[in-house]
Amino acid sequence: MPVTAELFIIGAGPAGISAAIEAARLGISTAVIEKNRVGGTVWCARRIDNFPPLSSISGKALGTMFQKRFDRAGIEPIPGEVKEIAAGIECGFDLMTGAGQKLEARAVLLAIGQVNRLPEELVPFGGHIGSPGGMYPSGGNEVVVYGGGDAAFDQALLFSDKKCGVRIFCRSVPKAKAALLREARLRGIPVNEGFVLESAAKSGAATEASFRGPDGNRTVVSCSCLLAALGKTAPDLKICGRFLPDLLKEGVRESGELAVRGVFAAGDVRRGRARNVAAAVSDGIMSANGALAYLKGVRNGFMGDR
Ligand SMILES: Cc1cc2nc3c(=O)[nH]c(=O)nc-3n(C[C@H](O)[C@H](O)[C@H](O)COP(=O)(O)OP(=O)(O)OC[C@H]3O[C@@H](n4cnc5c(N)ncnc54)[C@H](O)[C@@H]3O)c2cc1C
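Worth saying up front: this structure is predicted, and the values here are computed from it rather than measured.

## A few points about the pairing of strand S1 (residues 3-10)
Right, so step 1: Burial within S1 is extensive, with six of its eight residues counted as buried.
Right, so step 2: Relative to strand S8 (residues 102-110), S1 runs parallel, the two sharing seven bridges. Considered in S8, the bridge of Ala5 is made with Ala105.
Right, so step 3: Across four bridges, the pairing between S1 and strand S2 (residues 30-34) is parallel. Across the sheet, residue Phe8 finds its bridge partner in S2, namely Ala31.

## Comments concerning the site of the ligand
Right, so step 1: Near the ligand there are 36 residues, and of these Gly11, Gly13, Gly40, Gly113 and Gly267 occur at the shortest range.
Right, so step 2: Elements supplying a minimum of two residues to the shell around the ligand: helix H1 (14-26), S2, helix H3 (150-161) and helix H7 (277-299).
Right, so step 3: Split into classes, the residues belonging to the shell around the ligand amount to 17 nonpolar, 12 polar and seven charged.
Right, so step 4: Built from parts of two domains, the shell around the ligand gets at least three residues from each of domain 1 (3-114 + 234-299) and domain 2 (117-228).

## A short note on the domain arrangement of the chain
Right, so step 1: Split into domains, the chain comes out as domain 1 (3-114 + 234-299) and domain 2 (117-228).
Right, so step 2: The interface of domain 1 with domain 2 comprises five residues on the first partner and seven residues on the second.

## So, the pairing of strand S15 (residues 206-212)
Right, so step 1: Here S15 shows a buried face lined by Thr207, Ala209 and Phe211 and an unburied face lined by Ala206, Glu208, Ser210 and Arg212.
Right, so step 2: Across seven bridges, strand S14 (residues 196-203) lies against S15 in antiparallel orientation. What sits directly across from Lys202, in S15, is Thr207.
Right, so step 3: Two successive antiparallel strands, S14 and S15, enclose a turn made up of two residues, where Gly204 displays a positive phi of approximately 65 degrees.
Right, so step 4: Relative to strand S16 (residues 218-223), S15 runs antiparallel, the two being bridged by six bridges. Counterpart to Ser210 in the pairing with S16 is Val220.
Right, so step 5: Count of turn residues in the S15/S16 antiparallel hairpin: five residues, of which Gly216 carries a positive phi of about 90 degrees.

## Thoughts on the sheet that holds S14
Right, so step 1: Read across the open sheet, the three strands follow the order S14-S15-S16; overall the sheet is antiparallel. At either margin of the open sheet sits one strand with a lone partner, and together these are S14 and S16. Each adjacent strand pair in this sheet contributes to an overall mean axis angle of 20 degrees, direction not counted.

The rules behind these values
Residues numbered from 1 in each chain as written. Predicted model: local features only at pLDDT ≥ 70, side-chain atom pairs only at ≥ 80, totals over all residues. Buried ≥ 20, exposed ≤ 12 C-beta atoms within 10 Å, placed from the backbone. Helix = DSSP H or I, 4+ residues; strand = E, 2+ residues; numbered from the N terminus. Pairing = 2+ DSSP bridges. Near = placed C-beta within 6 Å. Nonpolar A, V, L, I, M, F, W, Y, C, P; charged D, E, K, R; others polar. Domains from an automatic or database assignment. Contact = placed C-beta atoms within 7 Å. Axes fitted to C-alpha atoms, helices over the stretch in contact; angles between N-to-C directions.

Right under this line is the structure:
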C-alpha cells in the first residue's frame with residue numbers, strides 16, 4: 001500500500017519544519033519525507049546572526065533546536081529522497097522515491113533547499129572539489145576556499161575555527177556580508193582577488209589547484225581540501241513532466257504555489273540568492289496556508305488545472 005497524505009512535504013529543513021507544524025495546526029493530514037538530516041542546511045553554517053529571536057547561534061545549535069521542535073511536534077519523517085513527482089489519480093500526485101517507493105498526495109510542498117553549483121568549467125575537476133557542508137577537515141589541514149560570497153567566507157571561518165590553514169581565492173571582489181569580511185580580515189585569512197581556477201588534480205594525499213591570477217600568471221597551490229562555494233541553484237526535480245527550474249522561472253504565487261496547481265515551494269528553493277532561515281520559516285507557514293486553501297477547493301469539487 002502506498003503511503004498517502006493530503007499534503008506531502010518534501011524536505012525537513014527550516015521551511016519544511018515550519019510548514020509541517022503549521023499544517024498540523026491547520027488540521028491537514030501531512031507527511032514529511034527527508035533524504036538526509038532533519039534541520040537541513042543550517043547544520044553546515046558556522047554562525048547565524050540574523051535570525052531575530054536569537055542574537056547569534058552556531059549552525060549546529062540551531063539545527064538541534066529545529067530538530068527538537070520537529071520531534072516535539074510528533075511528526076515522524078519518512079527517510080528517503082523524492083526523485084520525481086508525477087500526476088496521480090483525481091488530480092493528486094505520485095511521489096517516486098529513489099528506493100522505488102510510491103507516495104500519494106493531494107498537494108505537495110517542496111522545501112528542498114538548493115544544491116551547490118559547480119560551474120561547467122569545473123565539472124572535469126568535480127571529484128577533487130568539495131562543497132559547503134560537505135567537508136569537515138580536522139585541525140592542521142590546509143584548506144583552499146574558491147568563492148567570494150557568504151558561504152565561502154562562512155566556511156573559511158569555520159575551518160579557521162578548527163585551526164586549519166585557510167586561503168580564499170575569488171574570481172572578483174568578494175561579495176560576502178561586511179561582518180564576514182571583517183572577521184576574515186581580523187583572523188588574517190588571505191583573500192586573493194581576481195583568481196580563476198584552471199585545473200585541480202590529486203597528488204598523493206594533497207590536491208593541487210592551479211589558478212590564473214589577475215596579472216595573467218599562474219599560481220599553483222597545494223592543499224588537503226579544495227572547496228568551491230560558487231553559488232547554489234534549484235534542484236532539477238521533474239514535476240508532472242517539467243523541470244523545477246523552468247517552473248520557478250514562470251513565477252511563484254505569494255502562497256508559494258507554482259504553475260502546477262497543488263505544488264507549493266517554500267524556503268531556499270524559491271528564494272534565488274536571498275537564502276536565509278527567517279524567510280524559510282515564514283515561507284513554510286505561508287505555503288501550508290496556501291495548501292489548505294487549495295485542498296479546500298479540491299474537497300469542494302474544484303479539481304485544479306495543470
Ligand atoms: C555555509 C552556509 C552559511 C549560512 N549562513 C546563514 C546565516 O548566517 N543566516 C541565515 O539566515 N541563513 C544562512 N544560511 C542559509 C540557511 O541555512 C538556509 O537559508 C536555510 O537552511 C533554508 O532552509 P530550507 O528549509 O529552505 O532548505 P534546507 O535547509 O536546505 O533544507 C532542505 C532539506 O530538504 C532535503 N531534501 C532536498 N531534496 C530532497 C528530496 N528530493 N527528497 C527528500 N528530501 C530532500 C534536504 O536534505 C534538506 O534537509 C547559510 C547556509 C550555508 C550553506
